[in-house]
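# Reading the structure
Each chain is listed here by its residues.
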Amino acid sequence: MAYWLMKSEPFKYSWDDLVAEGEGTWDGVRNYLARNNLMAMQPGDEAFFYHSREGLEIVGIAEITVSGIGDPTDETGKWAAVKLKAKSKFARPVTLAAIKAEPRLAEMQLIRLSRLSVCGVTPEEWAVICEMAQG
């Protein structure tokens, strides 16, 4: 299993929107590295759901349900998408400020590649953030 972080602006698509849909499609990504990350995802992989612009925090964990699909918003056929479902909401969201303050997360792609909308997360980083979410 691999771990990921997926950013969304909550006014466009929030955690609550994903929960309401049951299974959502992660599409509209137009960055090659983010696309490559989407293409690497497999069913069963888990992803942190990060609210960008508003909140700046990880609010929960989603699970990839379908991978290897083309982006339905792309007429060129070169962009990727996945389907995912909400798995668990954090009782205590993990803020970007808290992530930046944690030395064990200094090399996290969320910090180093701050504009990347779909990032890889190492198992060690995953464990630290889950620990932070528990308080």
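Here's what I pulled together on the structure shown here. (Residues numbered from 1 in each chain as written. Predicted model: local features only at pLDDT ≥ 70, side-chain atom pairs only at ≥ 80, totals over all residues. Heavy atoms only, no water.)

## Let's talk about the packing of aromatic side chains
One pass over the full model with this rule turns up eight aromatic pairs. Between Trp-26 and Phe-49, the ring centres sit 5.5 Å apart and the planes meet at 85°, which makes this aromatic pair edge-to-face. One end of the pair, Trp-26, is in strand β2 (residues 24-26); the other, Phe-49, is in strand β3 (residues 46-51), and 23 residues separate them in sequence. An identical accessibility class is assigned to Trp-26 and Phe-49; each is buried. For the pair Tyr-32 and Trp-79, a centre-to-centre distance of 4.8 Å together with 35° between the ring planes defines the contact as tilted. With a gap of 47 residues between them, Tyr-32 in helix α2 (residues 32-40) and Trp-79 in the loop between β4 (57-70) and β5 (80-95) connect regions that are remote in the sequence. (Phe/Tyr/Trp six-rings, centres within 6.5 Å; stacked < 30°, edge-to-face > 60°. Helix = DSSP H or I, 4+ residues; strand = E, 2+ residues; numbered from the N terminus. Buried < 20%, exposed > 50% of the residue type's maximum accessible area, 1.4 Å probe, protein only.)

## Quick look at the state of the cysteines
Taken as a whole and judged by the stated rule, the model has zero disulfides. Left unpaired, Cys-119 is separated from the closest cysteine sulfur, that of Cys-130, by 16 Å. For Cys-119, a relative accessible area of 1% translates into the label buried. Judged by its relative accessible area of 19%, Cys-130 is buried. (Disulfide = S-S within 2.5 Å.)

## As for the environment of Tyr-32
Residue classification places Tyr-32 among the partly exposed residues on the basis of a relative accessible area of 45%. With 26 residues separating them along the chain, Tyr-32 and Met-6 place their C-alpha atoms 15 Å apart. Setting aside its immediate chain neighbours within four residues, Tyr-32 contacts Lys-78 and Trp-79. (Contact = heavy atoms within 4.5 Å.)

## Considerations on the sheet that holds strand β6 (residues 118-121)
Strand order in the open sheet made by the six strands is β2-β5-β4-β3-β1-β6, with mixed pairing throughout. Of all the strands in the sheet, the pair left with one neighbour each is β2 and β6. In this sheet, neighbouring strand axes are inclined to one another by 40° on average, regardless of whether the strands run parallel or antiparallel. Note that strand β1 (residues 3-8) and β6 share four bridges and pair antiparallel. From the neighbouring strand, Leu-5 faces β6, where its bridge partner is Cys-119. Along the sheet, α2 contacts β1, β2, β5 and β6; its crossing angle with β6, the most-contacted strand, is approximately 60°. (Pairing = 2+ DSSP bridges. Axes fitted to C-alpha atoms, helices over the stretch in contact; angles between N-to-C directions.)

## Considering the pairing of β1
Among the six residues of β1, six are classified as buried, and the element is accordingly described as predominantly covered. Neither face of β1 is exposed, since Tyr-3, Leu-5 and Lys-7 on one face and Trp-4, Met-6 and Ser-8 on the opposite face are all buried.

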